[in-house]
Amino acid sequence: MADDLNVAAVADWVDDRLPGLGGDVTVHRFAVGQSNPTFRLDTSAGSYVLRRKPGGVLLKSAHAVEREFAVQKALQGTGVPVPQMHLLCEDVSVIGAPFYLMDHVDGRSFDDPRLPDQTPPQRAAIIDSMNATLAAIHDVDLQAVGLSDYGPGGDYYARQIGRWVKQYRATATEEIPAMEDLITWLEANTPDDDGRRTLVHGDYRIDNLLFAKDGTDVVAVLDWELSTLGHPFADLAAVIMQWRMPPGADGRGLAGVDRAALGLPSDADFIAAYCKRRGLDGIDGFGFYLAFCFFRMGAILQGVKKRGMEGNASNPEKAAKLGAYVPLFAQQGLNAAQDE
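Residues numbered from 1 in each chain as written. Predicted model: local features only at pLDDT ≥ 70, side-chain atom pairs only at ≥ 80, totals over all residues. Heavy atoms only, no water.

Colleague: So what about the state of the cysteines? Which residues, and what values?
Modeller: Taken as a whole and judged by the stated rule, the model has zero disulfides. Cys293 provides the cysteine sulfur closest to Cys275, a residue in no disulfide bond, and the two sulfurs are 15 Å apart. For Cys275, a relative accessible area of 4% gives the class buried. (Disulfide = S-S within 2.5 Å. Buried < 20%, exposed > 50% of the residue type's maximum accessible area, 1.4 Å probe, protein only.)

Here it is as structure tokens:
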């Protein structure tokens, strides 16, 4: 076993279905991510990535590596760049949890939207590729790729708010008044369903993308755990939500940053570019979508905090750090609601 992964058991299960895993394998566990433990397997035939569910007691529908595998497999060959998917193992007896194997994509990752090592033109091009890729996700022909039943129908926001309120309450470790106020506001201000229904990533931000090693194009969209069919503005608002957080290693936002000087677009410019790509005249009531995203991320981080306290997080110390942001996300959600 290496880095909490029984490579021999994986190789036995794979057998001859994937080249290289029968010989020497070097394992590297990625430190990033707090949800599904992820490993790079370097073999004689190339490098693969394995993602598995974490250990411990899990909330229903959480950490769905099976759905991650299915959606990325369906997107092969579309305008949405994803890694080549290989094998899904749902037999928990192999390594103790379901897992899947995909190609390792050799790209650049950025966890700071300020893109400090890039020039202003490079920054503009990277963010524009991020924008174009988001539009491509929302333009996927669900019927053509076999994803028309990938999520339930009906009112996406009512369903999501109900789901995340339940998840939040199941992982709450203390009372956070701002979260309670935000829940009350969202439940009272959910807009009528406008019929928009697309594939949504569910956690779209720059650190879930890989970019070309020698360019600015997105070469892979990663971490599809929260993907479903739903309302596209939730993904768009998730980008703006992240940018409203403090800059730096923890917040990873753009609050207070002179974006024009860096070559980065304003929130309004990014939204306008997205609308142009999708043939939209604009978006009314964007504050609701933003408030919803702050709430959902707060609920997710509360779950990360709880798993860290129980010893089930990929990085317990980081889990505690991220969990401390829950009140801030709640307050930011209330701020967005007031701007609605």
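On we go.
Colleague: I'd love a proper account of the pairing of strand β2 (residues 38–43), names of residues and values included.
Modeller: If a strand is regular, its side chains alternate between the two faces of the sheet. As paired elements, strand β1 (residues 26–29) and β2 share four bridges and run antiparallel to each other. Looking across to β2, one finds that Thr26 is bridged to Asp42. Where β2 lies against strand β3 (residues 46–52), six bridges are found, and the strand directions are antiparallel. What sits directly across from Asp42, in β3, is Ser47. Count of turn residues in the β2/β3 antiparallel hairpin: two residues. (Pairing = 2+ DSSP bridges. Helix = DSSP H or I, 4+ residues; strand = E, 2+ residues; numbered from the N terminus.)

Colleague: I'd like a rundown of the nonpolar core, residues and numbers included.
Modeller: The biggest cluster of nonpolar side chains holds 85 residues, and the ones touching the most others in it are Leu186, Leu199 and Trp224. Those residues in contact with Leu199, other than ones at most four positions away along the chain, are Val71, Leu75, Ile137, His138, Leu142, Leu147, Tyr150, Trp224, Thr228, Leu229 and Asp235. Counting residues in hydrophobic clusters, the runner-up holds 19 residues, among them Leu5, Val7, Leu18 and Leu101. (Core = buried A, V, L, I, M, F, W, Y, C linked by side-chain atoms within 4.5 Å. Contact = heavy atoms within 4.5 Å.)

Colleague: A description of helix α7 (residues 233–243) should follow, citing residues and the corresponding values.
Modeller: Counting buried positions along α7 gives 11 out of 11 residues, so the element sits mostly inside the fold. The complete set of buried residues in α7 reads Phe233, Ala234, Asp235, Leu236, Ala237, Ala238, Val239, Ile240, Met241, Gln242 and Trp243.

Colleague: Account for the packing of aromatic side chains, with residues named and values stated.
Modeller: Following the criterion strictly, the structure yields 14 aromatic pairs and no others. For the ring pair Tyr156 and Phe292, a centre distance of 6.4 Å and an interplane angle of 70° mean the geometry is edge-to-face. Of this pair, Tyr156 sits in helix α5 (residues 156–171) while Phe292 sits in helix α10 (residues 286–309), and the two are 136 residues apart along the sequence. Overall, Phe292 belongs to the buried group, its relative accessible area being 0%. With a centroid separation of 6.2 Å and 35° between ring planes, the pair formed by Trp185 and Phe288 is classed as tilted. You can see Trp185 sitting in helix α6 (residues 177–189) and its partner Phe288 sitting in helix α10, a full 103 residues away along the chain. Exposure remark for Trp185: the relative accessible area of 19% places this residue in the buried category. (Phe/Tyr/Trp six-rings, centres within 6.5 Å; stacked < 30°, edge-to-face > 60°.)

Colleague: So, unusual backbone geometry: which residues are in play, and what are the values?
Modeller: Phi at Leu115 takes a positive value of approximately 50°, unusual for a residue other than glycine. Structurally, the position occupied by Leu115 is in the loop between β5 (99–103) and α3 (120–138). Of note, the phi angle at Arg252 is positive, near 55°, even though the residue is not glycine. Positionally, Arg252 belongs in the loop between α7 and α8 (259–262). Overall, the relative accessible area of 15% leaves Arg252 in the buried class.

Colleague: Summarise the packing of α7 against α10; cite the residues concerned and give the values.
Modeller: In the contact formed by α7 and α10, the axes pass within 8 Å of each other and the chain directions differ by 75°. What the angle tells us is that α7 and α10 run roughly perpendicular. In contact with Phe233, Ala234, Leu236, Ala237, Ala238, Ile240 and Met241 of α7, α10 contributes Phe286, Tyr289, Leu290, Phe292, Cys293, Phe294, Arg296 and Met297. Residues that form the contact of α7 with α10 fall into these classes: 14 nonpolar, no polar and one charged. (Axes fitted to C-alpha atoms, helices over the stretch in contact; angles between N-to-C directions. Parallel < 35°, antiparallel > 145°, perpendicular 65-115°, else oblique. Nonpolar A, V, L, I, M, F, W, Y, C, P; charged D, E, K, R; others polar.)

Colleague: If you had to explain the side chain of Asn131 to someone new, which residues and values would you point to?
Modeller: Relative to the helices and strands, Asn131 resides in helix α3. Asn131 has contacts with Phe270, Ala273, Tyr274 and Arg277, leaving out every residue within four places of it along the chain.

Colleague: Can you tell me about the sheet that holds β2, naming the residues and giving the values?
Modeller: The five strands lie next to each other as β1-β2-β3-β5-β4, forming an open sheet whose pairing is antiparallel. Each edge of the sheet is formed by a strand with only one pairing partner; in this case those strands are β1 and β4 (85–89). If you compare each strand with its neighbour and ignore which way they point, the axes differ by 20° on average. Bridge count between β4 and β5: four bridges; the pairing is antiparallel. By the bridge assignment for β5, Leu87 is matched with Leu101. Set on the sheet, helix α2 (residues 65–74) makes contact with β3, β4 and β5; between it and β4 the angle comes to about 155°.

Colleague: Got a sec to walk through the pattern of salt bridges? Specific residues and values, please.
Modeller: A full pass over the atoms with the stated rule returns 17 salt bridges. The partner of Lys213 in a salt bridge is Asp106, and the shortest N-O contact between them spans 3.6 Å. In this pair, Lys213 sits in the loop between β7 (209–211) and β8 (218–221) while Asp106 sits in the loop between β5 and α3, placing the two residues 107 residues apart along the sequence. Arg252 is paired through a salt bridge with Asp207; the nearest N and O atoms lie 2.9 Å apart. Placement of Arg252 in the loop between α7 and α8 and of Asp207 in the loop between β6 (198–200) and β7 is noted, with a sequence separation of 45 residues between them. Take Arg252 and Asp207: they sit in the same class, and that class is buried. Taken together, the shared-partner salt bridges connect Asp203, Arg205, Asp207 and Arg252 into one network. (Salt bridge = Lys/Arg side-chain N within 4 Å of Asp/Glu carboxyl O.)

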